[in-house]
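# Chains, contacts and geometry: an overview
As a plain string of letters, each chain reads:
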Amino acid sequence: MDRAKCGYTRNRAADRSLVRTLTTAALVLLAAALPARAPAQARLKVLATLPDLWAITRALVGDLGDVQVATRPGQNPHDLEIRPSQILLVKRAEILVRNGLDEDAWIDPVIESSGNPRLLRGAPSVVEAVRGVDVLKVRTGPVDRSLGDVHPGGNPHFTLDPGTLPVVTANIVAGLGRLRPDLVERLEQNRRRFLDEVAAATRRWIEALAPHRGAGVVSYHDSWPYFYRAFGLEEVGVIEDRPGVPPSPQHLAGLIRQMRERRVKVVLVESWYPTDTPAAVARAAGARVLVIPQSPGAVKGTETYIAHLDAVIGALSRALAE
Amino acid sequence: MPRPARRLFTMLVIVVLSCIAPLGFALADDADALRRELQQLREQLATLTQSYEQRLKVLGNRLEQLERGRAPAPASAAGTAATPAVSTPTAATEAGLAPDVPTLADLARPRQPFALAQPGRVLLFDIGVGGDFVADVTSATRERRHDGTFAGRENRLFPREVELGLFGRVDPYASAVVRISAGEEPAGVEPSSRELDVRLDEANVTLLSLPLGTTARFGLMRPRFGTLNTVHQDDLPQVDRPNVLTRFFGEEGLDGERGVEAFWVLPLSTYHELALGVFDGDNEVAFGRGSLRDPLVLGRWRTFWELDEHGLQLDVSAATGFTSDDHRNTVVGVGAKYKWIATGSGFPVFTLAGEALAGFRRADAAAGETGDRRFERWGGYLYGQYDLDRRWAVGLRGDWTELPVARGREWALSPYVQFKPSEFLRFRVQYKHTEGRGAVERTADELFLQGSFILGAHPTERF
């Protein structure tokens, strides 16, 4: 009994000390959190989830603000793990540009951990770039994991077709304009200039690939349907027939047969995928592997949208000409 | 007419009338029934016509909106225009909002299992099922003494945790998660008494739009303490939880706490996250007081630095509360995790992580002594893992820990190999050698086999 009483007295004294400590800690935390409500800077603070959206948004924002990207260029967005540094990027941003077809669905838990409710899905400060784009490969039947790590809403790599940019850039400018109506005119000017540059580059790209129009191409991942559509190439097959799942030998055997029949010369491999299986397939089919970055910035000097597609199309046209 | 003939005629008339009369009544009944059926058919036709007109009106509205290039109005709004009470099944069906009642043919048709998406059907939250099966192969002595890593389940393949997770947004300002799990309980006195323990693991709401950049959650949760304690069983880097966590908090770590927790990401140039939580204290091993009058209070600071392919996370945590026998217990933890990820393909990946816990606890003194005694004990673990590619990884973990109260300590070494055929399926083989002294005196050699799967939605991996 004495022991219990003694312990009780000591515990209560410790409790009071603990409550004081906790109250102090809470006040310190609140004081530290207060600067988060500082008034918005004059410059736009934009976060893009993926490098292609980052490159496009940078061209639109120009010197009106800072555009950050939540993934490192050259990093596979399908295998992404959440890092605290991404939470910090989300916390600082005023507006978020996201793909809209769940290629960047990992950003949702990042936003929920950031304490920045302005970037929650559905908020006015969130731009879904895909709105209004003619999406390819939308699944029409039941979708489950037997199909691999699929995107039920359709193929998300739409920015590889320059023809989608008028819609994508309009979405982004509209989103930025909602936040900063005073900048709409300048953003629209930037947009028109960017689209003019892309149109001129597109004429150059079409000319470069014109001799190979209708050529069959195989890729490792299903990243290129919009690109094929834009430049008149034909998709003969995809090595990774179910995203995220290594291909079966039966699938590869069938693909190699098709490649021989169609005289496929090139197997495209995005720079973040292993090349051993594509190399074996290409060897068996008499083709060559072409490792190319699927998004801007993965290779030095390709940080802009146009520089990236210049690099891709230059490498592809050379490979098809061999 | 002679009298007999008249009598006979009369009788014939009576017989004939008695036969015809019921027939007449029956005909009259039939006519009434037919009239009623006709009336019912008319009413049904009118209802159907009205229903189809409403459906056509809703579809017309949607078509008009689509033609104007706008997203279709929310179904509830469209339904409200047609029928005021869309919440009742009949009204919802009439407005074309709910699936039709299945016919016998529908029920007889082969059906698909749960699918992530089906055209025209929308699930407003995510559902995921995770299965985690473990086999613990060890000696007969360990099995007899029930002192293996998975006590009471030695030399068995058992479902450690099969979990149903429901998660999604409650409204624009909050998200919620509910996890229900089932796992095999350790054997009791009778080996045949094994049962599946089904329980509510988590049920909490996160408030996302609080002032001052605060995020808070309340309910039943796994609190933000330490590095590995926040990780669910099926996401652990090895088959078993490190010894120091199981000795200080029990097999599942500090889990299943009821309370409220708030966290902040500080507006600084580098990442600093602070978390503070107040809980009932329902952990039987460390904080079993179970009352808000003597709450379990938790705090954690976490920071992160990233430079190109290198990432380093540090955390410091503290938890203080009362044990079930009303003694103060405080546990302090320090953790670090370093990861190197190759540029380009993202593989190979090298991870080095460790954590140390120190416990400051009061407990009943030994027999013959008065008052209580103070125990200061500590332990830790360190592991390294090398992911060769997406599918294969190898690793090694070392454990050393004292027991929180009893006299004794143990160390262990656990090499392991991991194989992931896809993102949703994982197999592990792990060998564990344990040497214990004092109250846990033993030498144990165990081989763990683990198979885990994810069905449906799954959360993104974290650093």
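Residues numbered from 1 in each chain as written. Chains lettered and ligands numbered in written order. Predicted model: local features only at pLDDT ≥ 70, side-chain atom pairs only at ≥ 80, totals over all residues. Heavy atoms only, no water.

## Brief notes about the sheet that holds strand β5 (residues 216-219) of chain A
Residue and element names in this part refer to chain A. Across the sheet, which stays open at both edges, the four strands sit in the order β6-β5-β7-β8 with parallel pairing between neighbours. Each having just a single partner strand, β6 (234-238) and β8 (288-292) make up the two edges of the open sheet. Neighbour-to-neighbour, the strand axes of this sheet turn through a mean angle of 30°, independent of strand direction. Pairing of β5 with β6, which is carried by four bridges, proceeds in the parallel orientation. Opposite V217, over in β6, you have E235 as the bridge partner. On top of the sheet, helix α8 (residues 249-262) reaches β5, β6 and β7 (266-270); it is set at about 155° to β6, its chief contact. Contacting β7 and β8, helix α9 (residues 276-285) crosses the sheet at an angle of about 145° to β8. (Pairing = 2+ DSSP bridges. Helix = DSSP H or I, 4+ residues; strand = E, 2+ residues; numbered from the N terminus. Axes fitted to C-alpha atoms, helices over the stretch in contact; angles between N-to-C directions. Contact = heavy atoms within 4.5 Å.)

## Remarks on the confidence of the model for chain A
Residue and element names in this part refer to chain A. When pLDDT is averaged across chain A, the result is 87; 87% of the residues are at 70 or more. Within the model, the stretch residues 1-10 combines pLDDT values under 50 with seven contacts to residues more than four positions away or in other chains. Residue range residues 35-40 is modelled with pLDDT below 50. Its contacts to residues more than four positions away, or to other chains, number four contacts. (pLDDT = per-residue confidence, 0-100.)

## Some points on the layout of surface pockets
Where empty space is left becomes clear once a probe the size of a water molecule has been rolled over the atoms. All names here are of chain B. In this structure, the second largest pocket occupies an estimated 1100 Å³ of space. Among the secondary structure elements, those contributing two or more residues to the lining of the second largest pocket are β2 (156-171), β3 (174-184), β4 (196-207), α6 (243-249) and β15 (425-438). Classifying every residue of the lining of the second largest pocket gives nine nonpolar, 13 polar and 22 charged. (1 Å grid on protein atoms, 1.4 Å probe; cavity = no way out; pocket = protein on both sides within 12 Å on 5 of 7 lines; lining within 4 Å. Points joined across faces, edges and corners; volume = space filled by probe spheres on them. Nonpolar A, V, L, I, M, F, W, Y, C, P; charged D, E, K, R; others polar.)

## Examining the pairing of strand β10 (residues 328-341) of chain B
Residues and elements named next belong to chain B. Relative to β10, strand β9 (residues 310-322) is paired through 13 bridges, and the arrangement is antiparallel. By the bridge assignment, A319 is partnered in β10 with V331. Two successive antiparallel strands, β9 and β10, enclose a turn made up of five residues, where D326 displays a positive phi of approximately 65°.

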